[in-house]
Amino acid sequence: MKKLYHEIRDPIHMFVRLKDDERKVLDSEPIQRLRYIHQLGLTYLLYPGATHKRFEHSLGVMELASRVFDVVTNPVEKTDEIKDVLPEVTDRVALSYWRQVVRMAALCHDIGHLPFSHSAEEQLLPEGWDHERITFDVISKELGSIWGKFIPPLKPELVAKIAVGPKKAKHLEFTLWETILSEIITGDAFGVDRIDYLLRDSLHVGVAYGKFDHYRLIDTLKILISRSDNEPTIGIESGGLHGAEALLLARYFMFMQVYYHRIRCIYDKHLEDFLKAWLPKGKFPTGFKKLKKYTDNFILNALTDHKYSKEPILNELADRIVNRRHFKMVYELNPVDFEKNNYASQLINKALCSEFDKGMVRYVRIPGKGGDVSFPVEESDGQVVTSLKKSQVLGKLPVTKVEFVYVHPDIEDKAKSWLSVNREDILKA
Amino acid sequence: MERNQRYALILTQAREMLNKGSWCGETHLQKAVYFLKEVFRAPIDFEYILYKYGPFSFELRDELTEMRACSLFDLMVKEAGYGPSYVPTPKGGEFLEKHQGTISDNLQSIDEISEILSDKGVKELEGMATALWIIRNEKAVGQDLDAITKKVTKYKPQINADDARKSAELTLQIISDANKSM
């Protein structure tokens, strides 16, 4: 007998279930390509367990998106005020359609990722492109024929829009309802993309920081209208506040310990250097037909080839990754230096570049992230307040930000001694 | 506009709005900077889209986060039901002292826009900024008050026709006054 549901084992969610027509999306080339894209890029060079791929993360995001959708659209919980601004929550037929849209948007939300989930998209893609724009195009064009076979058929642009969200699909208008649905996946505070990657990455990396009680948190999510902005957004019931605090703390620790680890950051930079030198015209293609062959396996093959090649530049760039001869950090921005000069790390980078060779110095600056700690919380009496009023923790959570300067291992000692003598003068500039 | 100039401009905008009694939450800052850009032609390159609370810039949101990371802003909660205010820290104040000269061309515009918007609540700001977005992006409406009002209620169904009209009127007046003074 033909199976109605397909079950896939998952280390975080136990089983992820898909219907027959959803399975066709899973089996498509753009989704299967994600089996060969590391979720955390080259992080496995420092955390050996971090070999998981975008594929299983996408399945996890779909699973969580369905759970969150069911919780936040439960009509029993909806006030008249919510029903007025979001009439969709009262229409069972429409809800079933939208649930399907959200599941597929969640499954496809990462299909435009570059190899190694590389973040240097400004450097490695033509102007105006990022992975979200590729994702949008692949969902709406490449997978266009699949959506028509769903019953009822799904509109490709809707799936694409919900997957990418208003921040990246700036050319499109989002209704309030579409904004809420997109928030389920991409939301800053409770987006399931974030919930899944924190849980999954911490499991594979082998750190406990990313764990939190996501079951409790999801059960308390709710569409709320706060007095301050008068618009619906996803918030929580007060019983979920500790779960939300744990999520935001997990995010902070994971960023500081894993995502912004100084060695991970320099490997990203080395990969960017290699790709700029190796790719035709230094850029990835944007059309899926050409992009699809660019998986991590393809790039790793090129790195290995060039490790043994006689071409000096590519050989040197590949060697830094393959033989783990990464540049060494000689400076990290700290509050004392920042107090003296808020361009401290840039000035130190510039000074090192002019004292030594520019090619021997690398600079990484990742601006502040994780700012949104304010979200609505519903009290037991129905009053909606801001999370910052309820929580002793959230307001004190620092914003994550790093700035590093590295040098070639051959000049590490020399650069460090030079910097210890000249640092104060540089910061006076 | 260079990073320190942008920081100085945003900090000054917040300081002036707070001095004039504004709540100065993120929505207030978002809309004030939008008016500064679109009406007073301040050289700010934040891109705005029509979002949940009217015109909204994700770039400005990221910049505010970065400014918190640099300890230039603190979030302060005043009343339970409302979102936090953006308050310049003592370090933000020192930063402004050092960089005041870099935004001298925009000081008068910041003062004017703070004067107009500081006593407005989020709902009014949403209506006014949406009206401005329509005027700037939908050329067909021109300066036609009825057409702008209709569009505001189309994009923001939660704003009733009377409030939308008031917002549109006020916005047209601000544009007209700014054009005279520039």
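Residues numbered from 1 in each chain as written. Chains lettered and ligands numbered in written order. Predicted model: local features only at pLDDT ≥ 70, side-chain atom pairs only at ≥ 80, totals over all residues. Heavy atoms only, no water.

Draft legend 1. The arrangement of the sheet that holds strand β5 (residues 328-332) of chain A in detail. All names here are of chain A. Judged by pairing direction, the sheet is antiparallel, and its three strands sit side by side in the order β5-β9-β6 without closing on themselves. At either margin of the open sheet sits one strand with a lone partner, and together these are β5 and β6 (361-369). Strand-to-strand, the axes of this sheet are offset by a mean angle of 25°, without reference to chain direction. In this structure, β5 lies alongside strand β9 (residues 400-407), joined through four bridges in antiparallel fashion. (Pairing = 2+ DSSP bridges. Helix = DSSP H or I, 4+ residues; strand = E, 2+ residues; numbered from the N terminus. Axes fitted to C-alpha atoms, helices over the stretch in contact; angles between N-to-C directions.)

Draft legend 2. Representation of helix α13 (residues 241-259) of chain A. Here α13(A) contains 19 residues, and its C-alpha end-to-end distance of 25 Å stays within 8% of the 27 Å for a straight helix at 1.5 Å per residue. Taken residue by residue, α13(A) has Leu241(A), Gly243(A), Ala244(A), Glu245(A), Leu247(A), Leu248(A), Ala250(A), Arg251(A), Met254(A), Phe255(A), Val258(A) and Tyr259(A) as its buried positions. (Expected span 1.5 Å × (residues − 1). Buried < 20%, exposed > 50% of the residue type's maximum accessible area, 1.4 Å probe, protein only.)

Draft legend 3. Highlighting the sheet that holds strand β4 (residues 232-237) of chain A. Residues and elements named next belong to chain A. Reading across from one edge, β3-β4-β7-β8 is the order of the four strands in this open sheet, with mixed pairing throughout. Sheet topology places β3 (221-225) and β8 (384-386) at the edges, where each strand pairs with a single neighbour. When strand polarity is set aside, the average angle formed by the axes of neighbouring strands in this sheet is 45°. Sheet topology note: the β4/strand β7 (residues 376-378) ladder contains two bridges and is parallel. In the sheet register, glutamate 237 faces β7, and the bridge partner there is glutamate 378. On the sheet, helix α10 (residues 176-186) packs against β3 and β4 and is oriented at approximately 45° with respect to β4. (Contact = heavy atoms within 4.5 Å.)

Draft legend 4. Summary view of the pattern of salt bridges. Evaluated as defined, the whole model comprises 42 salt bridges over all chains. Close ionic contact of Arg365(A) with Glu66(B) constitutes a salt bridge, the shortest N to O distance being 2.8 Å. Remark: Glu66(B) occurs in helix α3 (residues 58-69) and Arg365(A) occurs in strand β6; the pair is interchain, linking two chains. We classify Glu66(B) as buried; its relative accessible area is 2%. Across the salt bridge formed by Lys37(B) and Glu38(B), the nearest N and O atoms sit 3.7 Å from each other. Assigned by exposure class, Lys37(B) and Glu38(B) land together as buried. (Salt bridge = Lys/Arg side-chain N within 4 Å of Asp/Glu carboxyl O.)

Draft legend 5. Main features of the interface of chain A and chain B. The interface of chain A with chain B comprises 37 residues on the first partner and 36 residues on the second. The interface formed by chain A and chain B holds five salt bridges in total. Among the salt bridges present, the one from Lys401(A) reaches Glu66(B), with a minimum N-O distance of 2.6 Å. Residue assignment for the side of chain A that touches chain B shows that the elements contributing at least two residues are α10, β4, α18 (335-340), β6, β8 and α20 (387-390) of chain A. Per-element tally for the side of chain A that touches chain B: the top contributor is β6(A), with four residues. Residue composition of the side of chain A that touches chain B, by class: 12 nonpolar, 11 polar and 14 charged. (Nonpolar A, V, L, I, M, F, W, Y, C, P; charged D, E, K, R; others polar.)

Draft legend 6. Examining the layout of surface pockets more closely. Space inside the second largest pocket adds up to approximately 580 Å³. Residue lining of the second largest pocket: 25 residues in total, with Val399(A), Arg68(B), Ala69(B), Cys70(B) and Ser71(B) positioned closest to the centre. Of all the secondary-structure elements, those providing two or more residues to the lining of the second largest pocket are α13, α18 and β9 of chain A together with α3 and β3 (73-76) of chain B. Looking at the lining of the second largest pocket element by element, the count peaks at four residues for β9(A). Along the lines of polarity and charge, the residues of the lining of the second largest pocket split into 13 nonpolar, four polar and eight charged. (1 Å grid on protein atoms, 1.4 Å probe; cavity = no way out; pocket = protein on both sides within 12 Å on 5 of 7 lines; lining within 4 Å. Points joined across faces, edges and corners; volume = space filled by probe spheres on them.)

Draft legend 7. Focus on the pairing of strand β1 (residues 5-10) of chain A. Residue and element names in this part refer to chain A. One ladder, built from six bridges, connects β1 with strand β2 (residues 14-19); its direction is antiparallel. The partner of arginine 9 across the bridge, within β2, is phenylalanine 15. Here β1 folds back onto β2 in antiparallel fashion, the turn holding three residues.

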